[in-house]
Amino acid sequence: MSAGHVIVTGGASGIGLATVRRLLAAGRVVSVLDANAEAIATAAGELTGERCRFTRADVRDEAEVGDALDDAVAQQGAIVGLVNSAGIGRDVPFAETSATLFREIIEINLVGTFIVSQAVVARMGEDGGAIVHIASVSGLRGNVGRVGYGASKGGIVNMTQVMAAELGARNIRVNGVAPGPIDTPLVKAMHDPEIRAIWQRHVPQARYGTPEEVAEAICFLLSDAASYVNGHVLAVDGGFLAAGIMRQEN
Ligand SMILES: NC(=O)c1ccc[n+]([C@@H]2O[C@H](COP(=O)([O-])OP(=O)(O)OC[C@H]3O[C@@H](n4cnc5c(N)ncnc54)[C@H](O)[C@@H]3O)[C@@H](O)[C@H]2O)c1
């Protein structure tokens, strides 16, 4: 794992929090931006120290994000990495999805990822760095109930490619991960036992993934071990995207 200061949005919970733990264990300096004050208080109780700071900021708010990043640079030095894990999930059929809900999901997941990425790139030095977006298998396949969520994640897949194409010459690599079903607070709130059984039937490894398994892939893409990996979206999905027909008992 390389050295330096990494920003993690949504780092107070789930995949973001597992990534923060993994980065700190590897000796990185981390600044977390998250909108949830309660989750921040819990995570900060465990992790705040010399190398980890938590700031309440909403990724939709350009001024709040800019101030939080300026403060992070002043306190912990130049930024060399960004993980965009802040996001919300909703499972609502197409016909029942209001334009208000559709806009809210796009605004947090897609526009928020754009706002933070642009603000971080503006603050990266000549040495550049690495950015990892969190997409989803629902941004690469038409999963029912994901019209807003899937559109936001499909947008992130394309944004990964455009950013990689534009920023490669500045020594900034941009990649994504596309998790399958991962046991996090977001999924615990969305998946009842029936939905869990359906997912498990469609995942060749027949189980949900852990936040730590996604964090490993994120940290690989952030690190110098991935120095020539750029514009790629890596599935961390137990084989979901690879599978065709599955046996009933799986
Ligand atoms: N859990 C899964 O199965 C799964 C699968 C595919 C993709 N993802 C994606 O992974 C990312 C992390 O999800 P998770 O499962 O860890 O969820 P989570 O709810 O545990 O964590 C998400 C964090 O983002 C923060 N957040 C939400 N809106 C925000 C905003 N406007 N500004 C700042 N912070 C905000 C929340 O406060 C929370 O701490 C999301 O982008 C999600 O879409 C998750």
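Counting starts from 1 at the beginning of each chain's written sequence and moves along it residue by residue. Since the coordinates come from a predicted model, pLDDT governs what is reported: local features require at least 70, and pairs of side-chain atoms require 80 or more to be given and counted, while whole-chain, interface and lining totals use all residues.

## Description of the packing of helix α3 (residues 62-76) against helix α4 (residues 99-123)
Here is step 1 of the chain: Look at α3 against α4: their axes get within 10 Å of each other, and the N-to-C directions meet at 35°. The element α3 and its partner α4 pack so that their crossing is right-handed. Contact residues: α3 offers Glu-62, Val-65, Gly-66, Leu-69 and Val-73, while α4 offers Ile-115, Val-116, Ala-119, Val-120 and Arg-123.
Here is step 2 of the chain: Here the contact of α3 with α4 is composed, by residue class, of seven nonpolar, one polar and two charged. Axis angles are defined between N-to-C directions and span 0 to 180 degrees, where every axis is a line fitted to C-alpha atoms and, for a helix, only to the segment in contact. Strands here mean DSSP runs of E at least two residues long; helices mean DSSP runs of H or I at least four residues long; both are numbered from the N terminus. Should the near helix be turned anticlockwise from the far one by less than a right angle, the crossing is left-handed, and should it be turned clockwise, the crossing is right-handed. Any two residues are considered in contact once their C-beta atoms, placed from the backbone, lie within 7 Å. We call Asp, Glu, Lys and Arg charged. Ala, Val, Leu, Ile, Met, Phe, Trp, Tyr, Cys and Pro are nonpolar, and the rest, Gly among them, are polar.

## What to know about the pairing of strand β5 (residues 129-134)
Consecutive residues of a regular strand have side chains that alternate between opposite faces of the sheet.
Here is step 1 of the chain: Counting buried residues in β5 gives six out of six residues, a clear majority hidden from the surface.
Here is step 2 of the chain: To sort residues by burial, count the other C-beta atoms lying within 10 Å of each one's C-beta; a count of 20 or more means buried, 12 or fewer means exposed, and anything in between means partly exposed. C-beta atoms are built from the backbone. Alternating residues of β5 divide into Gly-129, Ile-131 and His-133 and Ala-130, Val-132 and Ile-134, and every residue in both groups is buried.
Here is step 3 of the chain: The sheet contact formed by strand β4 (residues 79-84) and β5 spans four bridges and is parallel. Residue pairing for β5: Gly-81 is matched across the bridge by Ala-130.
Here is step 4 of the chain: Taken together, β4, α4 and β5 form a β-α-β motif whose crossover is right-handed.
Here is step 5 of the chain: The pairing of β5 with strand β6 (residues 172-179) spans six bridges and is classified as parallel. Within β6, the position partnered with Ile-134 by the bridge is Val-177.
Here is step 6 of the chain: With the strands pointing away from the viewer, any crossover whose connection runs clockwise from the first strand over the helix to the second is right-handed. This β-α-β element, β5 to helix α5 (residues 147-167) to β6, shows right-handed connectivity. Each pair of strands is called paired provided DSSP finds at least two bridges between the two strands.

## A few points about helix α2 (residues 37-47)
Here is step 1 of the chain: By the burial criterion, the buried members of α2 are Ala-39, Ile-40 and Ala-43. The buried residues of α2 occupy an angular sector of 100° when projected down its axis, which confines them to one face. Turned more than 90 degrees from where α2 packs its buried face, Ala-37, Glu-38, Ala-41 and Gly-45 sit exposed. To obtain the arc, one takes the directions from the helix axis to the C-beta atoms.

## Concerning the nonpolar core
Here is step 1 of the chain: A set of buried residues qualifies as a nonpolar core if it consists of Ala, Val, Leu, Ile, Met, Phe, Trp, Tyr and Cys joined through C-beta atoms within 7 Å. Within the largest apolar cluster, 60 residues are counted, with the highest numbers of intra-cluster contacts made by Val-6, Ile-7, Val-177, Val-214 and Ile-218.
Here is step 2 of the chain: For this core, the element with the most residues is helix α8 (residues 211-222), which contributes seven residues.

## Some points on the site of the ligand
Here is step 1 of the chain: Near, as applied to residues and a molecule or strand, means the residue's backbone-placed C-beta atom lies within 6 Å of it. Residues in contact with the ligand amount to 31 residues; listed here are only the nearest, Gly-10, Gly-14, Gly-87, Thr-184 and Leu-186.
Here is step 2 of the chain: Secondary structure elements with two or more residues in the shell around the ligand: α1 (14-25), α4 and α6 (185-190).
Here is step 3 of the chain: The residue inventory of the shell around the ligand, partitioned by class, reads 15 nonpolar, 13 polar and three charged.

## Considering the sheet that holds strand β2 (residues 29-34)
Here is step 1 of the chain: Read from one edge of the open sheet, seven strands run β3-β2-β1-β4-β5-β6-β7, paired in parallel fashion. The two strands at the open ends of the sheet, each matched to only one other strand, are β3 (52-56) and β7 (233-236). Here the average twist between neighbouring strands, direction ignored, is 20°.
Here is step 2 of the chain: Pairing of strand β1 (residues 5-9) with β2 involves five bridges; the strand directions are parallel. Within β2, the residue paired with Ile-7 across the bridge is Ser-31.
Here is step 3 of the chain: In this fold α5 packs onto β5, β6 and β7, with an angle of close to 165° to the strand it touches most, β6.

## Quick look at the packing of α1 against α8
Here is step 1 of the chain: Put simply, α1 and α8 touch, their axes get as near as 8 Å, and they point 60° apart. Relative to α8, the element α1 lies oblique. Judged by the sense of rotation from one axis to the other, the crossing of α1 with α8 is right-handed. From α1, Gly-14, Ile-15, Leu-17, Ala-18, Thr-19, Arg-22 and Leu-23 reach across to α8, where they touch Pro-211, Glu-212, Val-214, Ala-215, Ile-218 and Cys-219. Should an angle lie under 35 degrees it is considered roughly parallel, over 145 roughly antiparallel, and from 65 to 115 roughly perpendicular; all remaining angles are considered oblique.

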